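# Architecture at a glance
What follows is the residue order along each chain.
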Amino acid sequence: MQVECRENTAALMERYRILLTQGETLPVPIVGSSMAPFLVHQRDTVMVAAPVRPLKTGDIVLYQRSSGAFILHRICAVQGETLTLIGDAHTVRETGIRRDQIFGVVRFAHRKGKEQSPGCFWWEFFARVWPRIIFLRPMLLWGYSILTKPFRREL
């Protein structure tokens, strides 16, 4: 998920940074399609808190790119002080993300109106299985898009 870096978004994210360091857990609505099919644009919301434990593979994190864009993606590898991240809808990994770029980690999500958290089936599937089948994602995402299109009947 990419949050466009407009002035109001940048100001909101700076407020979020401050509140997260104060121990708050804050809602972040999903904007964009990079975390589909787990998290869907304008349907789902995640609850983000400051990282309180070492980050690990499978965690969904909120970070700021060097370009200034705010992104919500999943960790697919940890190499010392740098991380490799990827959106669930992507096939290309983003490498070299520094830990200081990350200011939030998703604690749970409101997905399809239900709370999803670590331990539930879909959370664990997308954290553990989905990162291992990157090569299959284009085909699986194509099938997903076909299945989720609203049925349209031509008259």
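You'll find the structure just up there.
In what follows, the accompanying structure is described. (Residues numbered from 1 in each chain as written. Predicted model: local features only at pLDDT ≥ 70, side-chain atom pairs only at ≥ 80, totals over all residues. Heavy atoms only, no water.)

Turning our eyes to something else, we now look at the packing of aromatic side chains. Scanning the model with the defined rule gives ten aromatic pairs in all. Arranged with centres 5.8 Å apart and planes meeting at 90 degrees, the rings of Phe 38 and Trp 123 form a pair that is edge-to-face. Linking Phe 38 in the loop between strand 2 (26-29) and strand 3 (45-49) with Trp 123 in helix 2 (residues 121-129), this pair joins segments that are 85 residues apart in sequence. Here Phe 38 matches Trp 123 in class, with each residue buried. By way of ring pairs, the aromatic residues Phe 38, Phe 121, Trp 122, Trp 123, Phe 125, Phe 126 and Trp 130 are connected into one cluster. (Phe/Tyr/Trp six-rings, centres within 6.5 Å; stacked < 30°, edge-to-face > 60°. Helix = DSSP H or I, 4+ residues; strand = E, 2+ residues; numbered from the N terminus. Buried < 20%, exposed > 50% of the residue type's maximum accessible area, 1.4 Å probe, protein only.)

A word on the environment of Asp 88. Assignment of secondary structure puts Asp 88 in the loop between strand 6 (82-86) and strand 7 (94-98). Residues Asp 88 and Leu 141, spaced 53 residues apart in sequence, show a C-alpha to C-alpha distance of 9.7 Å. Contacts of Asp 88, omitting those with residues within four sequence positions, involve Ser 34, Met 35, Ala 36, Phe 38, Arg 74, Phe 126, Trp 130, Arg 137 and Leu 141. Within polar-contact distance, the side chain of Asp 88 engages the side chain of Arg 74 at 2.9 Å. (Contact = heavy atoms within 4.5 Å. Polar contact = N/O pair within 3.5 Å; in protein donor to acceptor, adjacent residues only side chain to side chain.)

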